[in-house]
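One-letter residues, chain by chain:
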Amino acid sequence: MAAPIKLSDCTLSTEHQALVDALNALLSWLPDDIDPEVGQRLALIILEAADVAPQAILALATGFAQTRSVRAYKQRVRAEGLAGLFDHPIPGRPVVTTQPAVETAFIQVLLRAVIAERAVPDDATLSTRVNQELGQVQAPEAGAVTASMIETLRLRWAIKRPALGQQLDTVPAMAATNMAQLGRTQVGGAFTLRVAILLLETGWLRFAQLLPLAPGYAVSATQWLLTALFAVIFGVRRAWHLDDVCDIGFALLTGRPRPLTHGTFQHWQRAVPAPAAVEFYQATAAQEVQAVGPGTRRISLDGHTQCPVDNLPRYTQVVDLVKGKIGNTGRTQSDKAEELVLAFDLDARCWLALRVYQGTKKLSQGITPIVQELLQHRGALAGRLRLFFDKGGYCGQIFRTLADELRVHFYTPAVRYATNVAQWEQLTAHDFDLEPFVFNKHADWPAAEQPAYRLADTEMTLPVYEDRKKVDTVTLRTVVLHDPEGHKPAERWPVVYLTDDYDIDARALLNEYGDHWGPGMRAPRGQARPVSGHRAAGLWFDHHPR
């Protein structure tokens, strides 16, 4: 898609601005597989003919470094018509080493030499064999491959020829069979075995059939899915870093002789229809929910807005994006963020569901659909879902919906609104337990240092709003911790939990809720938090426009 035209250095009339807006709309309609520069050049000629701005400003707005580019394309259009907007063929031969036929012949010749001779021949010998291989298939590059080109191909694939003497000194008993080293790979041995076990356990590859083949690409859905999975495991942080991967082990694991380029990977992804992507996600998510089995499940619902890795910046040059603000920290980042709302099984330690929203503070929007999805995927499995979520899910409508669902219980902190604090301030001494409450995580502290609170197990009535109008109320069990020595509301009422579960012991709930933030939250003072891995589940496609 062509980048929009921005004439920020001059003031435009209403008619000229309308023309610029119309041309930008036309550029946005162009498909991704068409050279965007052709559309920009056409817009450049139209703006020049309409005398919208000087040639220097037009050249800068459409990405040209020199003013004479405007005159050059005007002359080409006069001489050649619209064909003058397209790039002229560059004289000279194309680079031989980048031709697919040459790379294929090089790899075939190299593999045959290593298998038969147990060594990597010199570059001159390899060039002769590659030319013979190209001649057999009547490739136009036959006879053009030189020894220096073979060296370029070898170094591109990190294939080095170690000194024979060094090899004999290192492994004297196997010198005859270890005379060559075909580069290095980080995805061999035990790593490959563990990945194979992961694919067998999850069965993700069988869901590849749900993804249709992208037209115009010789890439299967399985190859694309393997690339997506191994890129995460391999540490490829962004799709465009696939161009930097020259590890032949990585390529073979994805079922290809070389890794996918970032362009092919992203174009293939965008070619997947949204209904097919949702069907693929639902199938993988349902498998994970079913895999945890029956029984009561503790589910953590979190909006993930504190860590920078949880807010996905949207990189694009197509449209201007508003700066985003991290929900809890207030920090403003340069790109609009997309927040992940996830459901995590605290005991099985795996992700069960996912929603993606533009912006932050979207937990309240994701709770209800995620819970409905989990219940649908569980089907006839016995057991109740116990839902733990933060204040981002504080909403009377959500509380009423979850309280009416017999298959779930929820636990969430109350927000210290003035109306809520007023209800807590009305609690009397008879509402509090005689025995003070101390968290289990503070039990091994010296008695003088242990924070102790007054505990009240009571109820609160909260309003339910629709379209900013109060339509109903919901009454919930409320577990309150009170510090009489506090001055501000946050100090006087440090913890207040709301729940529709009237069976759980209040003290047990106060100690259990910390599991929602991770296993390390309840570690005794002075001990490091345990580190454990989480298996990703419910694979998702990003279909936001870029």
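Residues numbered from 1 in each chain as written. Predicted model: local features only at pLDDT ≥ 70, side-chain atom pairs only at ≥ 80, totals over all residues. Heavy atoms only, no water.

(A) Spatial organisation of the pairing of strand E7 (residues 385-389). By the criterion of burial, E7 is predominantly enclosed, with five of the five residues buried. Side chains Leu385, Leu387 and Phe389 project from E7 onto one buried face, and the interleaved Arg386 and Phe388 project onto a second face that is buried too. As judged from the five bridges shared by strand E1 (residues 297-302) and E7, these two strands associate in the parallel manner. Across the sheet, the residue bridging to isoleucine 299 is leucine 387, located in E7. Bridging between E7 and strand E8 (residues 408-413) involves four bridges; their strand directions are parallel. Looking across to E8, one finds that leucine 387 is bridged to phenylalanine 410. (Buried < 20%, exposed > 50% of the residue type's maximum accessible area, 1.4 Å probe, protein only. Helix = DSSP H or I, 4+ residues; strand = E, 2+ residues; numbered from the N terminus. Pairing = 2+ DSSP bridges.)

(B) Expanded view of the confidence of the model for the protein. Residue-level pLDDT values for the protein average 79, and 78% of them are 70 or greater. Between residues 315-319, whose pLDDT stays under 50, and residues either more than four places distant or in other chains, the model counts 11 contacts. Overall, residues 520-546 carries pLDDT values under 50, and its contacts beyond four positions in sequence, including any with other chains, amount to 73 contacts. (pLDDT = per-residue confidence, 0-100. Contact = heavy atoms within 4.5 Å.)

(C) Quick peek at helix H1 (residues 14-29). For H1, spanning 16 residues, the distance from its first C-alpha to its last is 23 Å, which sits close to the expected 22 Å at 1.5 Å a residue. Within the span of H1, buried status applies to Val20, Leu23, Asn24 and Leu27. End-on, the buried residues of H1 take up no more than an arc of 100 degrees, which puts them together on one face. Within H1, the exposed residues directed more than 90 degrees away from the buried face are Thr14, Glu15 and Trp29. On its buried face, H1 is in contact with helix H2 (36-49). (Expected span 1.5 Å × (residues − 1). Arc of directions from axis to C-beta.)

(D) Highlighting the packing of helix H5 (residues 100-117) against helix H7 (residues 147-156). Two elements in contact, H5 and H7, have axes whose closest approach is 11 Å; the angle formed by their N-to-C orientations is 80 degrees. Taken together, H5 and H7 sit at an angle that is classed as roughly perpendicular. Two secondary-structure elements touch here, H5 through Val102, Glu103 and Phe106 and H7 through Ile150, Leu153, Arg154 and Arg156. A breakdown of the residues in the contact of H5 with H7 according to their chemical character gives four nonpolar, no polar and three charged. (Axes fitted to C-alpha atoms, helices over the stretch in contact; angles between N-to-C directions. Parallel < 35°, antiparallel > 145°, perpendicular 65-115°, else oblique. Nonpolar A, V, L, I, M, F, W, Y, C, P; charged D, E, K, R; others polar.)

(E) Local environment of the packing of aromatic side chains. Counting across every chain of the model gives 14 aromatic pairs. Ring plane angle 55 degrees and centroid distance 6.1 Å describe the contact between tryptophan 424 and tryptophan 493, whose orientation is recorded as tilted. Taken as a pair, tryptophan 424 in helix H16 (residues 418-425) and tryptophan 493 in the loop between helix H17 (489-492) and strand E11 (495-499) lie far apart in primary sequence, 69 residues in all. Residue classification places tryptophan 424 among the buried residues on the basis of a relative accessible area of 2%. Among the residues examined, tryptophan 493 registers a relative accessible area of 2% and is labelled buried. For the ring pair phenylalanine 437 and phenylalanine 439, a centre distance of 4.9 Å and an interplane angle of 80 degrees mean the geometry is edge-to-face. Members of the aromatic cluster, connected to one another through ring pairs, are Phe389, Tyr394, Phe399, Phe410 and Tyr417. Sitting above the plane of the phenylalanine 432 ring, arginine 454 keeps its charged end 4.0 Å from the centroid. (Phe/Tyr/Trp six-rings, centres within 6.5 Å; stacked < 30°, edge-to-face > 60°. Lys NZ or Arg CZ within 6 Å of the ring centre and 35° of its normal.)

(F) View of a nonpolar patch on the surface. The grouping of Leu26, Trp29, Leu42, Ile46 and Leu82 at the surface amounts to a nonpolar patch, some 510 Å² of accessible area in total. Mapped by element, the contributors of at least two residues to the nonpolar patch are H1 and H2. Summarising the element assignment, leucine 82 is placed in the loop between helix H4 (68-80) and H5. (Patch = residues over 30% accessible without salt bridge, like charges linked within 9 Å, V, L, I, M, F, W, Y side chains within 5 Å. Areas by Shrake-Rupley, 256 points an atom, 1.4 Å probe, with all protein chains shown as cover. Salt bridge = Lys/Arg side-chain N within 4 Å of Asp/Glu carboxyl O.)

(G) Spotlight on the nonpolar core. Counting residues in each nonpolar core, the largest one holds 65 residues, and the members touching the most others are Leu301, Leu374, Leu387, Phe389, Phe399, Leu402 and Leu510. By residue number, the principal contributor to this core is strand E6 (residues 350-358), which donates seven residues. If near-sequence neighbours (up to four positions away) are discounted, leucine 387 is found in contact with Ile299, Leu301, Val371, Leu402, Val408, His409, Phe410 and Tyr411. Ranked by size, the runner-up nonpolar core spans 28 residues in total, among them Val236, Leu260, Ala277 and Phe280. (Core = buried A, V, L, I, M, F, W, Y, C linked by side-chain atoms within 4.5 Å.)

(H) Representation of unusual backbone geometry in the model. Located in the positive-phi region is glutamine 138, a residue other than glycine, with phi close to 55 degrees. Take glutamine 138: it is sitting in the loop between helix H6 (123-136) and H7. Although it is not a glycine, arginine 349 sits at a positive phi angle of roughly 55 degrees.

(I) The packing of H1 against H2, seen in detail. Running from N to C, H1 and H2 cross one another at 165 degrees; their axes reach a closest spacing of 10 Å. Comparing their axes, H2 and H1 come out roughly antiparallel. Once H1 is placed against H2, the crossing between them reads as right-handed. Where H1 approaches H2, its residues Leu19, Val20, Leu23 and Leu27 are matched on the opposing element by Gly39, Gln40, Ala43, Ile46 and Leu47. When grouped by side-chain class, the residues that make up the contact of H1 with H2 number seven nonpolar, two polar and no charged. (Left-handed = near helix turned anticlockwise from the far one by under 90°.)

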